[in-house]
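# Overview (structure and organization)
Below are the chains, spelled out letter by letter.
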Amino acid sequence: MTLSERNIITERMRKIIGAKNIKLGRVVDLVWIAMIGADGRNYALHMQTFFRFCNQEAVLITDMDKYQPISPDIDYESFNWDVQGNNLLDKWCEEFNKNLSPEIVIESMEINKFGDLQICFSHSITLTVYLDTTSDDECWRFFEWHGNGEHLVVTGKGIESQAEDANE
């Protein structure tokens, strides 16, 4: 990823610093984060790539945990990861939204030379969103909900902007 692209991402996403009322969820294999920016606007980060939430001591949850049942006693032959609330990621998001969402704040964000995004939250929680392809497939996107701005779309080949879909 070029320095120019990293600067564009940093500029477009700096509005999430100080964001609060952070909610996490999933639709099929797309994991989303919704937040209210310091400017009072609603923003979203959509991830269809590998990501990892950590604290100072451990990995808390990863993208692959959406394919893991909540209980180890569940028969993998009959396990359906796509049913809401049926996997480890859904359970973790539910707990996050219930227990941390009211008090957690985004403290900083940065993009590295490979296009990986790191967001640091209060409570020593860090989210790292990785580029997991070298193609022009979408890895993650950032946008204002119901706004008139373009979506910032990050692919394995760099960034692109797309007009906001009227159905968002």
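In the block above lies the structure referred to throughout.
Now for a look at the structure at hand. (Residues numbered from 1 in each chain as written. Predicted model: local features only at pLDDT ≥ 70, side-chain atom pairs only at ≥ 80, totals over all residues. Heavy atoms only, no water.)

## Topic: the overall build of the chain
- The number of helices and strands found in the chain is two helices and 11 strands.
- Counting from the amino terminus, helix and strand elements in the chain follow one another as α-β-β-β-β-β-α-β-β-β-β-β-β.
- What you see for the chain is a C-alpha radius of gyration of 16 Å, in line with the 15 Å of a compact globule of 168 residues.
- Each principal axis of the C-alpha distribution contributes one length, and for the chain these read about 50 × 35 × 35 Å.
- Taking the contacts inside the chain whose residues are at least 6 apart along the sequence as the reference set, 45% of them involve residues at least 24 apart.
- Accessible surface computed for the chain: about 9000 Å², of which carbon and sulfur atoms make up 48%.
- In the chain, which carries 15 positive and 28 negative side-chain charges, the distance between the mean positions of the two groups comes to 6 Å. (Helix = DSSP H or I, 4+ residues; strand = E, 2+ residues; numbered from the N terminus. Rg over C-alpha atoms; globule rule 2.2 N^0.38 Å. Contact = heavy atoms within 4.5 Å. Areas by Shrake-Rupley, 256 points an atom, 1.4 Å probe, with all protein chains shown as cover. Lys, Arg positive; Asp, Glu negative; His and termini not counted. Charge placed at Lys NZ, Arg CZ, Asp CG, Glu CD.)

## Quick look at the pattern of salt bridges
- With the rule as written, the count across this model stands at six salt bridges.
- For Arg14, the salt bridge is made with Glu11, and the minimal N-O distance between the two is 2.8 Å.
- Note on Glu11: relative accessible area 44%, which makes it partly exposed.
- The partner of Glu138 in a salt bridge is Arg141, with the nearest N and O atoms 2.7 Å apart. (Salt bridge = Lys/Arg side-chain N within 4 Å of Asp/Glu carboxyl O. Buried < 20%, exposed > 50% of the residue type's maximum accessible area, 1.4 Å probe, protein only.)

Worth remembering: the numbers are spatial, not functional.
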